[in-house]
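# Fold and contact review
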Amino acid sequence: MAELLFFSGTMDCGKSTLALQMDHNHKARGRRGVLFSSHDRAGESMISSRLGLRVAAVEVFPETDFWIELTLRQTMGARIDYVICDEAQFYTVDQIDQLARVVDEMDIDVFGFGITSDFRTRLFPGSQRLIELADRVQVLQVEALCWCGKRATHNARTVDGVMVVEGDQMVVGDVDQPMDDDAPAVVRPANPSVAGEPDRDPVVGYETLCRRHHMRRQTSRTSPSLYSNEDPLPFEAEREPGRL
């Protein structure tokens, strides 16, 4: 019996890597599937991992209708046993409903992968609908880490290294300390130049934080605790020879 599964987690927890591994495992057993993605870091029509893996996929646009898309493929003779949906947080509520219908009426397994909440700690509409409809929701076991070493539970957006909690829900930016050379290009939204500095736009980036530091708005670049070890220890000055 087909299922709708949602694999969720923060950035850097291996969602896309797992999506590609799952596709490989199913193909190895003779199953055939279709891969979908939206706004992947590597560009349109692609599922990519920070480990360097990348596979071609069907790009999901706001007007994409999964029911029509898969019906047309089957009408033309394609066999579809499963569907991989990466970056599912960017899908619309209607598209998640379509995927649920695909599971129930076409008997096709659907595996969704995505971030649960945005940089404001608010649920993405697509992720919220998946949580409401999925047969199972699984939080990935590979833990992303906060700069303090604790498990990261929230995604933070930074502008010139300073955390922000307001703005559009979706802005593609650079991820701090990328693990490979395929990190997304830095997005620089329009902004007046700073007095005394050459004309430039602020750099938008993302970082994973634990709840404590997300609520304190302390990123790896703004936390003073990272620099506390630079202060010299309070040892007494070396005594001069011949003096007690």
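Below is a summary of the structure that appears in this document. Quick caveat: nothing in here was measured; it's all calculated off a predicted structure. (Residues numbered from 1 in each chain as written. Predicted model: local features only at pLDDT ≥ 70, side-chain atom pairs only at ≥ 80, totals over all residues. Heavy atoms only, no water.)

### Some words on the overall build of the protein
- Check the secondary structure of the protein and you find five helices and 12 strands.
- A total of 244 residues make up the protein; the buried ones form 41% of that total.
- Taking the intrachain contacts of the protein between residues at least 6 apart in sequence as the baseline, contacts between residues at least 24 apart amount to 72%.
- Split by element, the accessible area of the protein, about 14100 Å² in all, is 51% carbon and sulfur. (Helix = DSSP H or I, 4+ residues; strand = E, 2+ residues; numbered from the N terminus. Buried < 20%, exposed > 50% of the residue type's maximum accessible area, 1.4 Å probe, protein only. Contact = heavy atoms within 4.5 Å. Areas by Shrake-Rupley, 256 points an atom, 1.4 Å probe, with all protein chains shown as cover.)

### Considerations on the packing of aromatic side chains
- Under the counting rule described, the total for this entry stands at four aromatic pairs.
- Ring geometry for Phe36 and Phe66: centres 4.9 Å apart, planes at 85 degrees, overall edge-to-face. Placement of the pair is Phe36 in strand β2 (residues 33-37) and Phe66 in helix α2 (residues 66-75), with a sequence separation of 30 residues. Comparing Phe36 with Phe66 shows no difference in burial state: the two are buried.
- The rings of Phe36, Phe66 and Tyr91 are connected pair by pair, giving a single aromatic cluster.
- Directly above the aromatic system of Trp67 lies the positively charged group of Arg101, at a separation of 3.6 Å from the ring centroid.
- When the ring centre of Phe119 is taken as reference, the NZ or CZ atom of Arg157 above it lies at 3.8 Å. (Phe/Tyr/Trp six-rings, centres within 6.5 Å; stacked < 30°, edge-to-face > 60°. Lys NZ or Arg CZ within 6 Å of the ring centre and 35° of its normal.)

### Focus: the environment of Pro62
- In this structure, Pro62 sits in the loop between β5 (58-59) and α2.
- C-alpha of Pro62 to C-alpha of Asp94: the two residues are 32 residues apart in sequence and 9.6 Å apart in space.

### Focus on the pattern of salt bridges
- Tallying each qualifying case throughout the model produces nine salt bridges.
- Of the charged contacts in the structure, one is a salt bridge between Arg79 and Asp81, with a shortest N-O distance of 2.9 Å.
- The buried category is assigned to Asp81, whose relative accessible area is 16%.
- The partner of Arg129 in a salt bridge is Asp97, and the shortest N-O contact between them spans 2.8 Å. On the criterion of sequence distance, the pair formed by Arg129 in helix α4 (residues 125-133) and Asp97 in helix α3 (residues 93-106) is long-range, its members being 32 residues apart.
- Accessibility expressed as a relative area gives 24% for Arg129, which makes it partly exposed. (Salt bridge = Lys/Arg side-chain N within 4 Å of Asp/Glu carboxyl O.)

### Comments concerning the environment of Phe7
- Secondary-structure assignment places Phe7 in strand β1 (residues 4-9).
- Residue Phe7 is classed as buried on the basis of its relative accessible area, which comes to 5%.
- As a C-alpha pair, Phe7 and Leu18 span 11 residues in sequence and 9.0 Å in three-dimensional space.
- Dropping the residues within four chain positions of it, Phe7 is found in contact with Lys15, Leu18, Met22, Phe111, Gly112, Phe113, Gly114, Gln138 and Leu140.

### Considering the packing of α2 against α3
- Where α2 contacts α3, the two axes come as close as 8 Å, and the packing angle between them is 40 degrees. Here α2 lies oblique to α3, going by the angle between them. In contact with Phe66, Trp67, Leu70, Thr71 and Gln74 of α2, α3 contributes Gln95, Gln98, Leu99, Arg101, Val102, Glu105 and Met106. (Axes fitted to C-alpha atoms, helices over the stretch in contact; angles between N-to-C directions. Parallel < 35°, antiparallel > 145°, perpendicular 65-115°, else oblique.)

### With respect to the sheet that holds β5
- Pairing is parallel in the open sheet, where six strands are placed in the order β5-β2-β6-β7-β1-β8. Of all strands in the sheet, those with a lone pairing partner are β5 and β8 (136-139), marking the two edges. (Pairing = 2+ DSSP bridges.)

### Concerning the nonpolar core
- Counting residues in each nonpolar core, the largest one holds 24 residues, and the members touching the most others are Phe36, Leu70, Val83, Cys85, Tyr91 and Val110.
- Within the residue set of this core, elements represented by two or more residues are β1, β2, α2, β6 (82-85) and α3.
- Residue contributions to this core peak at six residues, all from α3.
- Formed by 13 residues, the second largest nonpolar core is a distinct cluster that contains Leu20, Met22, Ala57 and Tyr82. (Core = buried A, V, L, I, M, F, W, Y, C linked by side-chain atoms within 4.5 Å.)

### Some words on the environment of Asp168
- With respect to the element layout, Asp168 can be found in the loop between β10 (162-164) and β11 (174-175).
- On the accessibility criterion, Asp168 (58% relative accessible area) is exposed.
- Separated by 50 residues in the primary sequence, Asp168 and Asp118 have C-alpha atoms spaced 10.0 Å apart.
- When neighbours within four sequence positions are excluded, Asp168 is seen to be in contact with Phe119 and Arg157.

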